[in-house]
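# Fold and contact review
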Amino acid sequence: MAALVTPWNFPAAMATRKIAPAPAAGCTVVLKPAAETPLTAPAIAELLARAGVPEGAVSVVTTTAPAEVVSTWLTDDRVRKVSFTGSTGVGKVLLQQAADRVLNSSMELGGNAPFVVTADADLDAAVAGAMVAKFRNAGQACTAANRFFVHEDVATEFVERFGAAVENLQVAPLISARAVDGVTAPVDEAVDAGARVTHLGSTGAEGWFYPATLLVDVRPDMRIAREEIFGPVVSVLTWRDEQAMLARANDSEFGLAAYVYAGKLRVALRIAEALDAGMVGVNRGVVSDPSTPFGGVKQSGIGREGAREGIREYRETQYFSVDWS
């Protein structure tokens with residue numbers, strides 16, 4: 001049996017991406033969706049039952065006490081696999097618990113994706129890609145671009161174009177008041193330390209909203225450039241020397257996604273290969289695709305979802321050494 005734990009931000013996609021490969025590899029699953037979005041997973045389980053998935057092959061447990069439920073699963077001998085998507089902090093706790101039984105573990109954890117723009121990049125394409133990479137789901141995505149490394153020669157023009165798009169953006173609400181506070185604090189700290197807000201979008205309503213925000217004069221040591229900002233905030237850092245930029249982009253505990261826009265494909269691929277990330281969007285603002293392996297390096301996780309690699313996460317290799325004489 002595989003124990004699956006999913007987050008709130010993409011409740012249908014997260015559930016289906018974890019459930020699908022497990023039965024394909026012969027595993028039954030028990031899934032715990034996030035308490036913030038408890039209704040999608042049972043609906044998916046119902047659809048699977050209608051489609052003919054055997055009773056008991058896919059079970060869903062909703063709860064407001066996730067730690068107790070998941071801890072119980074991880075101590076049950078019937079559970080042979082745990083797959084978790086969520087924060088790096090919670091992932092570390094689950095890995096510690098899984099270690100007691102040497103449990104096969106897949107972890108898709110946090111990110112702090114760099115978005116690199118070279119001097120010869122197509123700025124219209126880069127801005128279009130940046131809007132998707134940053135503001136998809138109001139920035140509440142582990143693959144969201146957070147740190148924008150823009151070459152000095154085009155930084156002013158990029159900020160102007162990107163800023164104009166930001167000002168025309170009306171974002172969706174964040175998941176909770178706590179989430180709004182989590183975005184507000186590092187932005188305020190950055191401004192107090194010398195960063196400047198150059199462009200703001202609109203929220204359009206009262207509630208748990210935070211406007212799309214573009215910051216310049218951001219330094220690498222600021223919290224907003226070092227932590228995952230789960231919201232619609234852009235931090236722009238400029239660069240001239242490629243090696244120095246790469247060192248700054250890779251100076252992070254995270255390594256989930258990254259993005260590169262360059263006029264010459266060979267340059268884009270060279271930069272992409274040098275970035276410590278499990279997935280790199282090359283001249284495109286989307287990295288996730290069901291047919292490709294999804295996952296990161298460093299403290300962004302262990303294992304992959306999607307493609308052949310996703311099914312292999314639910315399989316074990318057995319070797320027969322046979323004497324045929």
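The structure displayed is predicted, hence computed values, not measured ones.

### Looking at the packing of aromatic side chains
- Following the criterion strictly, the structure yields eight aromatic pairs and no others.
- Centroid distance Trp8 to Phe230: 5.9 Å. Interplanar angle 90 degrees. Geometry classified as edge-to-face. Of this pair, Trp8 sits in the loop between β1 (2–5) and α1 (11–19) while Phe230 is found in the loop between α9 (223–226) and β10 (233–239), placing the two residues 222 residues apart along the sequence.
- The class of Phe230 is partly exposed, set by a relative accessible area of 25%.
- On the basis of an interplanar angle of 15 degrees and a centroid distance of 5.4 Å, the ring pair of Phe115 and Tyr261 is categorised as stacked. Pair noted here: Phe115 is in strand β6 (residues 113–117) and Tyr261 is in strand β12 (residues 257–261), with a separation of 146 residues, a long-range link. Considered together, Phe115 and Tyr261 belong to a single accessibility category, that of buried residues.
- Joined through ring pairs, the aromatic side chains of Phe115, Phe135, Phe148, Phe158, Phe162, Tyr259 and Tyr261 make up one cluster.
- We note Arg17 situated over the ring of Phe294; from NZ or CZ to the ring centre the distance is 4.1 Å.
- Lying over the aromatic face of Tyr314, Lys81 brings its terminal NZ or CZ to 5.4 Å of the ring centre.

### Concerning the pattern of salt bridges
- Scanning all chains against the criterion turns up 18 salt bridges.
- Lys18 is the partner of Glu305 in a salt bridge, and the nearest nitrogen-oxygen pair spans 2.4 Å. Here the residue Glu305 occupies a position in the loop between β15 (301–302) and α12 (307–312), and Lys18 occupies one in helix α1, the gap between them amounting to 287 residues.
- Accessibility expressed as a relative area gives 0% for Lys18, which makes it buried.
- With its nearest N and O atoms 3.5 Å apart, the salt bridge here joins Asp120 to Lys264. Placement of the pair is Asp120 in the loop between β6 and α6 (123–135) and Lys264 in the loop between β12 and α11 (265–274), with a sequence separation of 144 residues.

### A word on the sheet that holds strand β4 (residues 81–85)
- One open sheet holds the six strands; their spatial order is β3-β2-β1-β4-β5-β15, and the pairing between them is mixed. The open sheet terminates on both sides in strands that have one partner only, identified here as β3 (58–60) and β15.
- Here strand β2 (residues 29–32) pairs with β3 via three bridges, running parallel. Each residue of the ladder has a partner; that of Leu31, found in β3, is Val60.
- Contacting β1, β2, β3, β4 and β5 (104–108), α1 runs over the sheet at an angle of about 155 degrees to β4.

### Observations concerning the nonpolar core
- In terms of nonpolar packing, the biggest core is built from 35 residues, with Phe115, Val117, Phe148, Phe158 and Phe162 touching the most fellow members.
- For this core, the elements supplying multiple residues, two or more each, are β6, α6, β7 (145–151), α7 (152–167), β9 (213–216), β10 and β12.
- Among the elements that make up this core, the one with the highest residue count is α6 (seven residues).
- Residue contacts for Phe158: discarding those within four places in its chain leaves Val117, Leu123, Ala126, Val127, Ala130, Phe148, Val150 and Gly163.
- With 31 residues, the next largest nonpolar core counts Val180, Val187, Ala225 and Met245 among its residues.

### Some remarks on the pairing of β7
- Burial of β7 is extensive: seven of the seven residues sit out of reach of the surface.
- In terms of strand pairing, β6 meets β7 through five bridges, oriented parallel. Residue pairing across strands places Ala113 opposite Ala145, the latter belonging to β7.
- Handedness of the crossover joining β6 and β7 through α6: right-handed.

### Section: the packing of helix α10 (residues 242–250) against α11
- Contact geometry of α10 with α11 gives a least axis separation of 10 Å together with a crossing angle of 40 degrees. Considered as vectors, α10 and α11 are oriented oblique to each other. Taken as a pair, α10 and α11 cross one another with a handedness that is right-handed. Where α10 abuts α11, its residues Glu242, Leu246 and Asn250 lie against Arg270, Ile271 and Ala274.
- Across the contact of α10 with α11, the residue classes tally to three nonpolar, one polar and two charged.

### Some points on unusual backbone geometry
- Even without a glycine there, the phi angle at Val102 is positive, about 50 degrees.
- Along the chain, the position of Val102 falls in the loop between α5 (88–99) and β5.
- With a relative accessible area of 74%, Val102 lands in the exposed category.
- The backbone of Ala138 shows a phi angle near 60 degrees, a positive value even though the residue is not glycine.
- Along the chain, the position of Ala138 falls in the loop between α6 and β7.

### Quick notes on the side chain of Asn250
- Tracing the backbone through its elements, the reader meets Asn250 in helix α10.
- Reaching out from Asn250, the side chain makes a polar contact with the backbone nitrogen of Asp276 at a distance of 2.8 Å.
- Among residues more than four places away in sequence, those in contact with Asn250 are Ala274, Leu275, Asp276 and Lys298.

Parameters at a glance
- Residues numbered from 1 in each chain as written.
- Predicted model: local features only at pLDDT ≥ 70, side-chain atom pairs only at ≥ 80, totals over all residues.
- Heavy atoms only, no water.
- Phe/Tyr/Trp six-rings, centres within 6.5 Å; stacked < 30°, edge-to-face > 60°.
- Helix = DSSP H or I, 4+ residues; strand = E, 2+ residues; numbered from the N terminus.
- Buried < 20%, exposed > 50% of the residue type's maximum accessible area, 1.4 Å probe, protein only.
- Lys NZ or Arg CZ within 6 Å of the ring centre and 35° of its normal.
- Salt bridge = Lys/Arg side-chain N within 4 Å of Asp/Glu carboxyl O.
- Pairing = 2+ DSSP bridges.
- Contact = heavy atoms within 4.5 Å.
- Axes fitted to C-alpha atoms, helices over the stretch in contact; angles between N-to-C directions.
- Core = buried A, V, L, I, M, F, W, Y, C linked by side-chain atoms within 4.5 Å.
- Right-handed = clockwise from strand over helix to strand, strands pointing away.
- Parallel < 35°, antiparallel > 145°, perpendicular 65-115°, else oblique.
- Left-handed = near helix turned anticlockwise from the far one by under 90°.
- Nonpolar A, V, L, I, M, F, W, Y, C, P; charged D, E, K, R; others polar.
- Polar contact = N/O pair within 3.5 Å; in protein donor to acceptor, adjacent residues only side chain to side chain.

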